[in-house]
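Each chain, written out:
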Amino acid sequence: KDQTEEARKLREAALESQRNLETEMKKLRAEKESKLKDRLAAKRKKKEAALKKAKASAEESRHAEAELLAEELSESEKLEADLEEERKRLEDKRKEDENERLKKLQEHEQQQAANAEREAEEAQKRALNEMEKVKREHEENSKRRTAELEEERNRKKAKLKKKLEKRRKDREK
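Residues numbered from 1 in each chain as written. Predicted model: local features only at pLDDT ≥ 70, side-chain atom pairs only at ≥ 80, totals over all residues. Heavy atoms only, no water.

Participant: Would you explain the pattern of salt bridges in this entry?
Facilitator: When the charged atoms of two side chains with opposite charge come close together, those side chains can pair. Considering all chains together, one arrives at 23 salt bridges under this definition. The salt bridge partner of arginine 19 is glutamate 16, with a shortest N-O separation of 2.9 Å. Placement of both arginine 19 and glutamate 16 in helix H1 (residues 2-53) is noted, with a separation of three residues, approximately one turn of the helix. Residue glutamate 16 is classed as partly exposed on the basis of its relative accessible area, which comes to 36%. (Salt bridge = Lys/Arg side-chain N within 4 Å of Asp/Glu carboxyl O. Helix = DSSP H or I, 4+ residues; strand = E, 2+ residues; numbered from the N terminus. Buried < 20%, exposed > 50% of the residue type's maximum accessible area, 1.4 Å probe, protein only.)

Here it is, written out as structure tokens:
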């Protein structure tokens with residue numbers, strides 16, 4: 001029952017950890033995408049202002065637009081690569097944390113098993129000691145009873161001997 005409960009807790013912890021990872025990744029993606037969007041928008045605005053000021057031709061404007069789009073694509077790909085790298089780092093950290101948690105749990109279970117084994121050995125020793133004590137008491141009681149019976153027999157013998165001695169004396173008179 002304890003193992004089932006422990007397994008359930010581990011599954012819940014793993015799911016919670018996975019949810020935390022996903023939440024952190026969404027937050028990170030939102031932050032980085034927002035910063036990239038702002039940076040690219042500022043760059044586009046600056047470029048467009050420069051083109052207007054220079055009174056660029058339609059061809060130059062198209063060429064500038066193509067450069068901006070290529071740069072945006074490159075930056076987006078770089079962002080995705082960075083996010084994937086961050087995901088991998090967070091996933092590795094999550095796995096490391098999970099392994100550490102499992103290691104601690106295993107150590108705890110081993111300690112509990114060792115404690116239970118030690119307690120069982122101590123209980124067995126106590127039981128053996130108790131049996132030895134009962135055995136000694138039984139032997140002592142048996143010896144005492146044997147001695148008492150022997151003493152009783154000797155007393156009766158002595159009494160009987162006295163009685164017989166008295167009868168013999170009475171007959172001799």
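Participant: So what exactly am I meant to see when it comes to H1 here?
Facilitator: Taking 1.5 Å per residue as the helical rise, H1 with its 52 residues ought to reach 76 Å, and the 75 Å between its terminal C-alpha atoms agrees with that figure. Along H1, the residues classified as buried are Ser17, Leu21, Met25, Leu28, Leu36, Leu40 and Arg44. Against helix H2 (58-172) lie the buried residues of H1. Directly beyond the C-terminal end of H1, a positive phi value near 50 degrees is found at lysine 55. (Expected span 1.5 Å × (residues − 1). Contact = heavy atoms within 4.5 Å.)

Participant: Please explain the nonpolar core as it appears in this structure.
Facilitator: The tendency in soluble globular proteins is for nonpolar side chains to be buried side by side. Listed in full, the eight residues of the largest apolar core are Leu21, Met25, Leu28, Leu36, Leu40, Leu79, Leu83 and Leu90. Secondary structure elements with two or more residues in this core: H1 and H2. For this core, the leading source of residues is H1, giving five residues. Here leucine 79 is in contact with Lys32, Glu33 and Leu36, once residues within four sequence places are set aside. (Core = buried A, V, L, I, M, F, W, Y, C linked by side-chain atoms within 4.5 Å.)

Participant: Help me understand a negative patch on the surface in this model?
Facilitator: A surface patch of negative charge is lined by Glu130, Glu132, Glu137, Glu139 and Glu140. Tracing the backbone shows glutamate 132 in helix H2. A relative accessible area of 43% means that glutamate 132 is categorised as partly exposed. (Patch = residues over 30% accessible without salt bridge, like charges linked within 9 Å, V, L, I, M, F, W, Y side chains within 5 Å. Areas by Shrake-Rupley, 256 points an atom, 1.4 Å probe, with all protein chains shown as cover. Lys, Arg positive; Asp, Glu negative; His and termini not counted. Charge placed at Lys NZ, Arg CZ, Asp CG, Glu CD.)

Participant: When you look at a positive patch on the surface in this model, what are you seeing that I'm missing?
Facilitator: Together, Lys156, Lys159, Lys163, Arg167 and Arg171 make up a region of like positive charge exposed at the surface. Mapped onto the secondary structure, arginine 171 falls in helix H2. Residue class for arginine 171 comes out exposed when judged on its relative accessible area of 68%.

Interpretation in functional terms is not warranted from these geometric data alone.
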